[in-house]
Amino acid sequence: MIKVLLVDDEPNVRQGVKMMIPWQELGLEVIGEGEDGDDGLSKILELAPDIVIADVKMPGMTGIQMIDAAKKSGFNGKCLILSGYSDFTYAKEAMSLGVKQFILKPVDEDELIDALKALREEIAGDERNKITMEHGSEYMSEKLLQALLLGDDKVIESSELTAYDYDNYTAAIITASENMTAEEKNTVLITIKKRLEDESGADVTAPGFSGMTAALFKDKSRGKLMEYLSALSKEYSEQIFITVGGTVSEMTDIKRSYHEADELFKNRFRYLHRGIVSAETLSGDIYEGSETDEIIDRIYAYMEINDIDRLNEALERFRASLCGGSYTAERIKVTCITTVMEIKSRLVKNIGDKKTEQFLNDELIDKIGEKTSLFDIIELLKTTLTEISNTHFGRTTKSTMERVVQYIRSNYNSELRLEQLAAIFGYNRAYLGKVFHQYTGENFNNYLDSIRITEAKRLLEMDEYKVYEVAEMVGYTNINYFHNKFKKYVGISPLSYKRQSRGEAAGSYDDIDDIEILDGIDEQETEF
């Protein structure tokens, strides 16, 4: 990642710039902020950023004076000036210090992105030039190889490539781990470049600024090549990630092979744990899309019954569903964070906020945001949710039926069906219904109604809720159905029960079976 430092005395400006730019997508990372010119100079010398984005007019040192002082102290990074002042003297001073990008406030998002891309390319060019000078003429064909991978027709038709004729071509991209420093990335990739050239006769680009290189293999059977690259991936486990494009027979199709490798590379967040991916290695994967609510229901259910194996299976299905969508890394992280927050909400409702805070807190959210692969996020969730399940829902000597009953008592206010319980606990629906009846002496629906009506009576006695609110709170979405069930179990209507509980006469409503008539006199305090 290219390191960026923001220097501006206005916090809102710094925050605005941070929010408007897709830093990761551009291969950039904000490593710090300076509050004024003096603080900015200190941060430049301390953090050694690749790019400094600075305001011109700040308390103490101006942005120009800060850059001048930094250059004199050995800073060689790129600078981008922001200013609310269009006076040419500022731009003239900035250009004298090597500043090529000068943007007026208010900052235009597209203009700033274009300027950052230009600086990024400058840095990449500087890096290539540095490597060329350090390692000699073996890198002089770099431009030709890159043009060939990108499909530059003029280069392909060049006389310099007349001898470039092989039976097949395969492009691959090798990138170094984000957890490594720039120097470590460069060292590993240069070593791999040399190996690929010596062992496979591949043409390999020099390591780029973002810690990646591209290779073009010629006259290699697909099977042998994948076997070789898989062995290389294992040897450099967790240090490199390889994506391999399709094998093509025409030189003009090399760009297609490279494009396939590049698309896999762009989606590396999903597959980083594999070490190496290609179209065929992913062909056996089955990605089943699921609604987020359904996924959360399943994950939480397995936590509640402390079935860790199925909890992990549910999380793996969650991972697969995210792999199957066209999700960016950021969207995947947001989806995972949203899922965690929903699980926390359900836990708070059932076991209390203090008990969940030790597991599901801001630190966990930060960890999710820092992860470099979906696999790492899912492993983090497996560990965290397993610990919560073991701590708060750990199995004792309870029988399966006791756990089924406990699950019903914890979730009676949700839409519960015997089919759902059968799926959660791994039973055939008919068998579960039979065993449940033997254990409780009631069928499932009657047992659920009994729990709901008991809770409804308690809520009605509190005299804080209207009847329709109580119905929803205990899991009935149809008020007429609730009324009938309540009267069946209690003998009087919910409204009459509510009035009796506060010492009022029941009135004549007990004998009214027609809910529409009852609804018609709702205006008097028949609170549905």
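Here the structure is a predicted model, which is why all the values come from computation and not from measurement. (Residues numbered from 1 in each chain as written. Predicted model: local features only at pLDDT ≥ 70, side-chain atom pairs only at ≥ 80, totals over all residues. Heavy atoms only, no water.)

The next point concerns the overall build of the chain. Each helix and strand in the chain was counted, giving 26 helices and ten strands. By residue count, 46% of the 528 residues in the chain fall in the buried class. Put simply, 66% of the contacts in the chain that link residues at least 6 apart link residues at least 24 apart. A total of about 27000 Å² of accessible surface is found on the chain, and carbon and sulfur atoms cover 46% of it. (Helix = DSSP H or I, 4+ residues; strand = E, 2+ residues; numbered from the N terminus. Buried < 20%, exposed > 50% of the residue type's maximum accessible area, 1.4 Å probe, protein only. Contact = heavy atoms within 4.5 Å. Areas by Shrake-Rupley, 256 points an atom, 1.4 Å probe, with all protein chains shown as cover.)

As a further point, take the side chain of Asp449. With respect to the helices, strands and loops of the structure, Asp449 is situated in helix H22 (residues 444-462). Among the polar contacts made by the side chain of Asp449, one reaches the side chain of Tyr476 at a distance of 2.7 Å. Beyond its immediate chain neighbours, meaning those up to four positions away, Asp449 contacts Tyr476, Tyr481, Lys485 and Tyr489. (Polar contact = N/O pair within 3.5 Å; in protein donor to acceptor, adjacent residues only side chain to side chain.)

Right, let's get into the sheet that holds strand S6 (residues 169-176). The strand order S7-S8-S6-S9-S10 describes an open sheet built from five strands, whose pairing is mixed. Strands with a single pairing partner mark the edges of an open sheet, and in this sheet they are strand S7 (203-204) and strand S10 (276-278). Strands in contact with helix H6 (residues 142-150) are S6, S7 and strand S8 (212-218); relative to S8, the strand with the most contacts, it is inclined by about 75°. Set on the sheet, helix H10 (residues 254-266) makes contact with S6, S8, strand S9 (240-248) and S10; between it and S9 the angle comes to about 150°. (Pairing = 2+ DSSP bridges. Axes fitted to C-alpha atoms, helices over the stretch in contact; angles between N-to-C directions.)

On the surface, Asp108, Glu109, Asp110, Glu111 and Asp114 cluster together into a negatively charged patch. Within the element layout of this structure, Glu111 appears in helix H5 (residues 109-135). (Patch = residues over 30% accessible without salt bridge, like charges linked within 9 Å, V, L, I, M, F, W, Y side chains within 5 Å. Salt bridge = Lys/Arg side-chain N within 4 Å of Asp/Glu carboxyl O. Lys, Arg positive; Asp, Glu negative; His and termini not counted. Charge placed at Lys NZ, Arg CZ, Asp CG, Glu CD.)

Moving on, we get to the environment of Glu197. Secondary-structure assignment places Glu197 in helix H8 (residues 182-200). Note: C-alpha distance between Glu197 and Leu216 (19 residues apart in sequence) is 9.8 Å.

Let's shift gears to the pairing of strand S2 (residues 28-34). When strand S1 (residues 2-7) meets S2, the two strands line up parallel, connected through six bridges. Along S2, the bridge assignment pairs Ile2 with Leu28.

As a further point, take the side chain of Asn411. Turning to its location among the elements, Asn411 is positioned in helix H19 (residues 400-411). Given the relative accessible area of 10%, Asn411 is considered buried. For Asn411, the contacting residues outside a window of four places in its chain are Glu304 and Leu416.

In this section: the confidence of the model for the chain. The predicted model of the chain has a mean per-residue pLDDT of 82, with 84% of residues at 70 or higher. No element of the chain has a lower mean pLDDT than helix H26 (residues 515-520), which averages 40, and none a higher one than S9, which averages 95. Taken as a whole, residues 132-140 scores under 50 in pLDDT and shows eight contacts with residues more than four places along the chain or in a different chain. Note on residues 508-528: pLDDT under 50 across the span, and 39 contacts to partners over four residues away in sequence or across chains. (pLDDT = per-residue confidence, 0-100.)

A separate point is the packing of aromatic side chains. Between two aromatic rings, the relevant description is the distance of the centres plus the angle of the planes. This structure, assessed with the given rule, holds seven aromatic pairs. Seen in terms of ring centroids, Phe436 and Tyr447 are 5.3 Å apart; in terms of plane orientation they differ by 85°. Their pairing is edge-to-face. Residue Phe436 is located in helix H21 (residues 429-440), and its partner Tyr447 is located in helix H22; the two are separated by eleven residues in the primary sequence. Across the pair, exposure class does not vary: Phe436 and Tyr447 are buried alike. (Phe/Tyr/Trp six-rings, centres within 6.5 Å; stacked < 30°, edge-to-face > 60°.)

Ile299, Ile343, Leu347, Leu360, Leu385, Ile408 and Phe482 are the most contacted members of the largest nonpolar core, which totals 74 residues. Leave out the neighbours within four places in its chain, and Ile408 touches Leu416, Leu421, Phe436, Phe444, Tyr447, Leu448 and Ile451. (Core = buried A, V, L, I, M, F, W, Y, C linked by side-chain atoms within 4.5 Å.)

Turning next to the packing of helix H14 (residues 308-324) against helix H18 (residues 374-393). As a packed pair, H14 and H18 sit with axes 10 Å apart at the nearest point and diverge in direction by 150°. Between H14 and H18, the crossing angle belongs to the class labelled roughly antiparallel. Crossing angle aside, the handedness with which H14 passes H18 is right-handed. Here Ile308, Leu311, Asn312, Leu315, Glu316, Phe318, Arg319, Leu322 and Cys323 of H14 come into contact with H18, specifically with Leu374, Phe375, Ile378, Glu379, Leu381, Lys382, Leu385, Thr386, Ser389 and Asn390. Residue composition of the contact of H14 with H18, by class: eleven nonpolar, four polar and four charged. (Parallel < 35°, antiparallel > 145°, perpendicular 65-115°, else oblique. Left-handed = near helix turned anticlockwise from the far one by under 90°. Nonpolar A, V, L, I, M, F, W, Y, C, P; charged D, E, K, R; others polar.)

Contact geometry for helix H15 (residues 329-351) and helix H17 (residues 362-370): axes closest at 9 Å, N-to-C directions at 160°. As the angle between them shows, H15 and H17 are arranged roughly antiparallel. Our pair here, H15 against H17, has a crossing hand that is right-handed. Contact with H15, carried on its side by Lys333, Cys336, Ile337, Val340 and Met341, involves Leu364, Ile365, Ile368 and Gly369 of H17 and no other residues of that element.

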